[in-house]
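Close look at the chain arrangement
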Amino acid sequence: MIIEMKNLKSMNRIFSESQFCLVLLLALVLAITACFTLPDQFRLRALNSLPGKQYTSGTDTRDDSKRLIEPVEETKRSEDRQQTTSQEVKDIVHKYSSSKNDHHNAHKGTDNSHAAETKQEELQKPEEILENQPEFGPLTNNETSTKNVTQVAYVEGSTKNVYEQTLAKPICDNSNWRYEACDIIGDARTFGIFSTVFYVPPPETTNPAVQNWTFSAQSRRAVNAKNVTVKSLFSSLEAPPCSIRNNIPAIVFALGGLTGNIWHDFSDVLIPLFINSLAFDGEVQFLITDMHTWFMQKYGLVFKKLSRYEIINFDKDFEVRCYPRVMVGLKSHKDLGIDPERTPNRYNMIDFRMFIRDAFALPQSVGIPFKLNTDPNKKPRLMLILRSRNRRFMNGPEIVQAVQRLGFEVLPVEPTRDLNITEFSRVVDSCDVLMGAHGAALTNIMFLRTNALLIQVVPYGKMENDADNFYSRPATAMKLRHLEYSISAKETTLLEKYGWNNPVISDPDSIHRQGWRAGMQYYWLEQDIKLNLTRFAPILVRAQQLLRE
């Protein structure tokens, strides 16, 4: 009898435990069901009650009723894309949390000046974004074809009817041979330490076309500049939470590449940055990857003229910064040039030159110094650029004397990469003529006044096309005048080295057909110049005439 009572109690206990498990299982099912049936604010609470999962709205700047409600039905392809991207995002968020904790712990107790470098302050600016912000939008047909432009659909509610919706404009473009760029309008979040920018879909929508783009964030895609990744998320629930909110747009771009050569400084960075940011009238923040201190010091006045905000070192930024718009990469038009048809307000190279003059506090809208001087004995000033490594003038002192005899005041200079460009710009501004062999130092024509003159000595080897594209055309576009002098075979040191019968001298076209590296080796790197002053004299005479017109 006692044994039967014990068995009965055991059975009752097992039955009770089974009932408890059944109730617990039922509660779990109800919690999962609530994810799809309850209002959104309750849905998030239900999701967060599940073990091992923590969800955030990702759009907590809006009220709870605006948060995303995930669709019940999904296409298989969208589901797969969501799963892959969700895992990537979770990995980054996990790394972010641990990295940020490590970062703060490592610097606990350090001085305030260092803390100021590692903790960015929230920007204090007006509450709303200007309604007349420039709309860069998709590229025009004149700019490039759109066959390689990626489009992302924004779909209300269920993704079932995704193909019945109108596609939104492209946010990323890789169809231009010069550059790759993304323009994210809406909820954009930057994550500097992971070189990542997120596009977060609006509430009440999903983005089935989840994609990643990784590219060089400079205006010249072929150079070795640091990459940035743009991720379009499936929903706002996947987004890392904002640590700093901004109500201005941002531009993420790279230095590096070929910078350090003044021509590339301007052509690859400063002109494209002008094209992409001037229309914001200073209401834009720059996030720079591969940042170099020397570049920031040298061109700091230019950056301050384009943005009123702190410049962020993207590679060392532990914050998740949220913006209403982020442009990644720099759109560019041509070598050392601007196409007014492709700028928001038809900016051109005259505007850029005047902008540079303003940034370096040079006088605006004034004539060349020679014409402003009332002294009848005053001579026009000619700056003679002397190169130090290649394409050097082997008879520099004789050139100076010849130029002086023909009525010029001569200022010989040998620019170096570490020169103080602010001081040097004032010296260039004081000159009427800038003369030199084809090379990067001729980029200093940016600091000349309207109607000043460039004299470009073109090295041997059919280099007229490069001389024209890199300097003569930009000079004309900036309302400067120019003269070109192409040296003969007798004026190049290549003749002594290779002789008349070598194709380097007798057939430069055959050298160029071997590829740009061959032409670069012989005509750019190995060549120096001994100017025939008798042959060159008519150029100086013509220069005097142009300055007096």
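None of these values were measured; they are calculated from a predicted model. (Residues numbered from 1 in each chain as written. Predicted model: local features only at pLDDT ≥ 70, side-chain atom pairs only at ≥ 80, totals over all residues. Heavy atoms only, no water.)

**Re the side chain of Gln285**
Residue position: Gln285 is located in strand 11 (residues 285–289). Within the local environment of Gln285, its side chain forms a polar contact with the backbone oxygen of Glu310, the two atoms lying 2.9 Å apart. (Helix = DSSP H or I, 4+ residues; strand = E, 2+ residues; numbered from the N terminus. Polar contact = N/O pair within 3.5 Å; in protein donor to acceptor, adjacent residues only side chain to side chain.)

**Details of the confidence of the model for the protein chain**
Per-residue pLDDT for the protein chain averages 78, and the proportion of residues at 70 or more is 69%. Every residue in residues 103–169 is under pLDDT 50, and counting partners more than four places away or in other chains gives 117 contacts. (pLDDT = per-residue confidence, 0-100. Contact = heavy atoms within 4.5 Å.)

**Focus: the state of the cysteines**
Under the counting rule described, the total for this entry stands at two disulfides. One disulfide in the model links Cys172 with Cys182; its S-S distance is 1.9 Å. Measuring the twist about the S-S bond at about 105 degrees, one finds the Cys172-Cys182 disulfide to be right-handed. Taken together, the residues span a long stretch of sequence, with Cys172 in strand 3 (residues 172–173) and Cys182 in strand 4 (residues 181–191) at a distance of ten residues. Overall, the relative accessible area of 4% leaves Cys172 in the buried class. Of the residues examined, Cys182 reaches a relative accessible area of 4% and is grouped as buried. With a sulfur-sulfur separation of 1.8 Å, Cys242 is cross-linked through a disulfide to Cys322. With the S-S bond torsion at -100 degrees, the cross-link from Cys242 to Cys322 turns out left-handed. (Disulfide = S-S within 2.5 Å. Buried < 20%, exposed > 50% of the residue type's maximum accessible area, 1.4 Å probe, protein only.)

**A short note on the packing of aromatic side chains**
This structure, assessed with the given rule, holds 19 aromatic pairs. Ring centres of Phe191 and Phe198 lie 6.4 Å apart, and the angle between their planes is 55 degrees; on these two criteria the pair is classed as tilted. When its relative accessible area of 0% is taken as the criterion, Phe191 is described as buried. With a centroid separation of 5.5 Å and an interplanar angle of 85 degrees, the aromatic rings of Phe360 and Phe447 are classed as edge-to-face. (Phe/Tyr/Trp six-rings, centres within 6.5 Å; stacked < 30°, edge-to-face > 60°.)

**Concerning the packing of helix 5 (residues 262–277) against helix 8 (residues 349–359)**
The relative placement of two packed helices comes down to the angle between their axes together with the axis-to-axis distance. At a minimum axis distance of 11 Å, the contact between helix 5 and helix 8 shows a crossing angle of 95 degrees. As far as their axial angle goes, helix 8 and helix 5 are roughly perpendicular. Across from Phe266, Leu270, Ile271 and Phe274 in helix 5, the residues of helix 8 making contact are Met349, Asp351, Phe352, Phe355 and Ile356. Counted by class, the contact of helix 5 with helix 8 contains eight nonpolar, no polar and one charged residues. (Axes fitted to C-alpha atoms, helices over the stretch in contact; angles between N-to-C directions. Parallel < 35°, antiparallel > 145°, perpendicular 65-115°, else oblique. Nonpolar A, V, L, I, M, F, W, Y, C, P; charged D, E, K, R; others polar.)

**Remarks on the environment of Asp339**
Mapping Asp339 onto the fold places it in the loop between strand 13 (320–328) and helix 8. The sequence separation of Asp339 and Met349 amounts to ten residues, and the corresponding C-alpha distance is 8.5 Å. Leave out the neighbours within four places in its chain, and Asp339 touches His333 and Lys334.

**Notes on the environment of Asp507**
Locating Asp507 in the fold gives a position in the loop between helix 14 (503–506) and helix 15 (508–512). The spatial distance from the C-alpha of Asp507 to the C-alpha of Lys462 is 9.5 Å, given a sequence separation of 45 residues. Sequence-distant contacts of Asp507, defined by excluding residues within four places in its chain, comprise Asn502 and Arg513.

**Notes on the sheet that holds strand 17 (residues 453–458)**
The strand order 15-14-16-17-18 describes an open sheet built from five strands, whose pairing is parallel. The open sheet has two edge strands with one neighbour each: strand 15 (409–413) and strand 18 (481–486). Adjacent strand axes in the sheet meet at a mean angle of 20 degrees, parallel and antiparallel pairs treated alike. Strands in contact with helix 10 (residues 396–405) are strand 14 (381–385), strand 15 and strand 16 (433–437); relative to strand 15, the strand with the most contacts, it is inclined by about 155 degrees. (Pairing = 2+ DSSP bridges.)

**Structural notes on the side chain of Ser510**
Here Ser510 lies in helix 15. For Ser510, a relative accessible area of 17% corresponds to the buried category. Side-chain polar atoms of Ser510 contact the backbone oxygen of Asp507, separated by 2.7 Å.

**Some details on the nonpolar core**
Judged by nonpolar contacts, the single largest core of 97 residues is most densely connected at Phe253, Phe266, Phe352 and Ile455. With nine residues, helix 5 is the single largest residue contributor to this core. Excluding anything up to four places from it in sequence, Phe352 contacts Phe266, Leu270, Ile271, Phe274, Ile338 and Met446. Core analysis: the second largest hydrophobic core is formed by 23 residues, Val197, Ala254, Phe314 and Val326 among them. (Core = buried A, V, L, I, M, F, W, Y, C linked by side-chain atoms within 4.5 Å.)

**Brief notes about the pairing of strand 13**
Strand 13 sits mainly inside the fold: nine of its nine residues count as buried. In this sheet, strand 13 lies alongside strand 4 in antiparallel orientation, the contact comprising eight bridges. Residue pairing for strand 13: Cys182 is matched across the bridge by Val328. Here strand 9 (residues 244–245) runs beside strand 13; their pairing, made up of two bridges, is parallel. Residue pairing in the sheet places Arg245 in a bridge with Cys322 of strand 13. Two strands pair when backbone bridges link them, and strand 10 (residues 250–254) and strand 13 are joined in this way by three bridges, in the parallel orientation. Bridge pairing in strand 13 links Ala250 to Val326.

**Overview of the pattern of salt bridges**
Overall, the coordinates contain 23 salt bridges when judged by the stated rule. Note that Asp358 and Lys305 form a salt bridge whose closest N and O atoms lie 2.6 Å from each other. Taken together, the positions of Asp358 in helix 8 and Lys305 in helix 7 (residues 300–306) put the pair 53 residues apart, joining distant regions of the chain. Look at Lys305 and you get partly exposed, because its relative accessible area is 39%. In this structure, Glu549 engages Arg542 in a salt bridge whose closest nitrogen and oxygen atoms are separated by 3.6 Å. (Salt bridge = Lys/Arg side-chain N within 4 Å of Asp/Glu carboxyl O.)

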